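These are the residues of each chain, in order.
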Amino acid sequence: MTRDAMTAPPRQQLHQTYAAAVPELSVPWQADPPARPELAWLNEQLARELGYEPQWLHSPAGLALLTGQLDATGVPLAPGAEAPADDEAFTTAQVYAGHQFGTPNPQLGDGRAVLLGDLIDTCGARRDLHLKGSGPTPVARAGDGKAPLGPMLREAVVGESLHALGIPTTRALAVVATGEQIPPRQGVTPEPGAILVRVAASHLRVGTVEYAAWHLAEPVRTAVIDHAIDRHHPAAREAENPYLDLLRRVSEAQAELVAQWMLLGFVHGVMNTDNMALSGEGIDYGPCAFLDVHRAAAVFSSIDRGGRYAYGNQPGIALWNLSRFAETLLPLIDPDDPDASVEAATATLEGYEGHYLDAWARGLAAKLGIPVDPAAPPGERAASHIEPRSSPVAPAASSGDPDHLAAIRALGEELLELLESQAIDHTGFFRALTEGAATSLFTDPSPFRAWHQRLLDLRGSGPAADSAVAAMAGANPLYIPRNVHLDAALRSAHLGDLEPVHRLLEAVARPFERRPGLADLEGPGDGGEDFLTFCGT
């Protein structure tokens, strides 16, 4: 690349379609200029997908983009150029509300973040670029607006892992070290600062609609919900009742998402309504973790003292959040009859459990090598929803033989009780089952042998069973961000050594393929069960 090409503006154009559609829910705001920005990690594959040349993102203009140093038209500032005033900035800070640990919080938002804008990627999908750790905004809550390097790298690793596993998720384009030392989350030692550049289908949340419903006039609520339909679920516009159909589509997307989390042993850690995206992507990976030993009550978040967001509670919490979303839609579902509106929304939400159980059973069948009837094509997906990579972990959205799926669910529930009773590693078990070595994991193998025989009976024999068993290696990962390994990598990054984080990112980007030199990342390591994460993102 020539010097002129490195300094020229990118061919991509940023827009502010959300602020234009619902100006009441965001304010213009300029990110703080970082002291000495330096790329800690760049997702080159994602950069190209978005239409950016990775080498350009290493240039001064590219770093200006990645740190929010844009002029009033969205073009990266030249070195030394004066930034626009905050009220004239191109970038925006979004406002939202939410139920946090079950309690309504009327005022939340991008307290230390700005939305760079949205763009059309090389696949034709509209996606947000968003910064975290870029300084305080008008909706900051008594903080300095900065973020530590460790949590920003955590979100990058977890997002890339989930993406590679086939899970709808936000992702990180880059983590930029700011060259600053910021106040610590714990103790007294300052931490290196960083900015996360996040890519999302959008940042529309249940909490976004809650804010509009709680604080603003009815036309604003309608505008933000219409924007969500247009951006993520345009087929709902053709339904007899578009707002009721939106509730159904968001409910089904969340049922499928949480089913996949449960199958992989992922614990989000803070499933507040402001962390539930209307697109169906997972978002905000702060106090999150993957199970080592299988435990329904596993909690890895230091702030979840009551276990509200424990691993086993996630399906029910998702439905609770969806109920809060439904409440915001009631005036639109049937403006003339509130009782009819409640009845229709309730009936729609009653479909969540069946959709979740169906998705979980299909995903479990893939992990256990059980053939299922071919699924009908999934319903129309959101126009700007980013499809995960093809993976048998991702369940189809329609049901097959109900009795067969019920038998798979029963077998799965028995398995999870067995794994918990004998303290078996969740990810390790499924991979060992794939490789024919699961018996050795059990201190008392007799219950497992009896269970395994029932598995063989349910699989049956013939080409369909052989194909399902052969596909297990693509449904059961070797590499996930194990708690101990991720924590050790982040500690090294804190001390200036980024190589362990880069190595872990390389491993989780190809999670199903065993590779030389990564054997230490396959198992849980020591001490993962006592691991705690902190809400640093």
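Draft legend 1. Quick peek at the overall build of the chain. The number of helices and strands found in the chain is 18 helices and 11 strands. Relative to the 2.2 N^0.38 estimate, which gives 24 Å for 537 residues, the radius of gyration of the chain is 23 Å and therefore close to what a compact globule would have. Considering only C-alpha atoms, the chain reaches an extent of 70 × 65 × 45 Å along its principal axes. Within the chain, the fraction of its 537 residues that count as buried is 57%. In the chain, the proportion of contacts linking residues at least 24 apart, taken out of those at least 6 apart, comes to 74%. Summed over all atoms, the accessible surface of the chain reaches about 20,700 Å², with 53% contributed by carbon and sulfur. For the chain, the separation between the mean place of its 39 positive charges and that of its 68 negative charges on side chains is 6 Å.

Draft legend 2. Local environment of the nonpolar core. In terms of nonpolar packing, the biggest core is built from 112 residues, with V175, L368, F429 and W451 touching the most fellow members. Not counting the four nearest positions on each side in its chain, V175 is found in contact with E38, L39, A40, W41, L149, M152, L153, A156, A194, I195 and L196. Counting residues in each nonpolar core, the second largest holds 27 residues, with Y52, L63, L173 and I195 among its members.

Draft legend 3. Layout of the packing of aromatic side chains. Tallied over the entire structure, the rule returns 12 aromatic pairs. An angle of 10° between the planes, with centres 6.1 Å apart, marks the rings of Y52 and W56 as stacked. On the numbers, 6.1 Å between centres and 85° between planes, the contact of F429 with F442 is edge-to-face. One end of the pair, F429, is in helix 14 (residues 426-434); the other, F442, is in the loop between helix 14 and helix 15 (446-459), with 13 residues separating them in the sequence. Accessibility classification places F429 together with F442 in one group, the buried group. Here the basic side chain of R308 rests over the ring of W320, its NZ or CZ set 4.7 Å away from the ring centre.

Draft legend 4. Representation of the pattern of salt bridges in the model. Counted under the stated rule, the structure contains 29 salt bridges. The salt bridge partner of R48 is E44, with a shortest N-O separation of 4.0 Å. Within this pair, R48 and its partner E44 are both found in helix 3 (residues 44-50), separated by 4 residues, close to a single helical turn. Accessibility expressed as a relative area gives 46% for R48, which makes it partly exposed. A salt bridge links R198 to E155; the nearest nitrogen and oxygen atoms lie 3.0 Å apart. Linking R198 in strand 9 (residues 191-200) with E155 in helix 6 (residues 149-164), this pair joins segments that are 43 residues apart in sequence. We classify R198 as buried; its relative accessible area is 1%.

Conventions and cut-offs
Each chain has its residues counted from 1, running along the sequence as written. At least 70 in pLDDT is required for a residue's local features to be given in this predicted model, at least 80 for side-chain atom pairs to be given and counted, and no such filter applies to totals for whole chains, interfaces and linings, which use all residues. Side-chain metrics rest on all non-hydrogen atoms present in the structure, leaving aside hydrogens and water. The way it works is that DSSP assigns letters per residue, a run of H or I at least four long becomes a helix, a run of E at least two long becomes a strand, and they are numbered from the N terminus. The globule rule used here is 2.2 Å times the number of residues to the 0.38 power, and the radius of gyration it is set against is calculated over C-alpha atoms. Only protein chains enter the area calculation, which uses a 1.4 Å probe; residues under 20% of their type maximum are buried, those over 50% are exposed, and those in between are partly exposed. Here a residue-residue contact requires only that any non-hydrogen atoms of the pair lie within 4.5 Å. Using a 1.4 Å probe, accessible areas were evaluated by the Shrake-Rupley method; residue-level cover was limited to the displayed protein chains. Positive charges come from Lys and Arg, negative ones from Asp and Glu, while His and the chain ends are left out of the count. In plain terms, the charge of a residue is placed at NZ if it is Lys, CZ if Arg, CG if Asp and CD if Glu. We call a set of buried Ala, Val, Leu, Ile, Met, Phe, Trp, Tyr and Cys residues a nonpolar core when their side-chain atoms join them within 4.5 Å. Whether two aromatic rings pair depends on their centres lying within 6.5 Å, for rings of Phe, Tyr and Trp, where Trp uses its six-membered ring; planes under 30 degrees apart make the pair stacked, over 60 edge-to-face, and the rest tilted. The rule is short: NZ of Lys or CZ of Arg within 6 Å of the ring centre and within 35 degrees of the ring normal puts a charge over the ring. Think of a salt bridge as a Lys or Arg side-chain nitrogen and an Asp or Glu carboxyl oxygen that are within 4 Å of each other.

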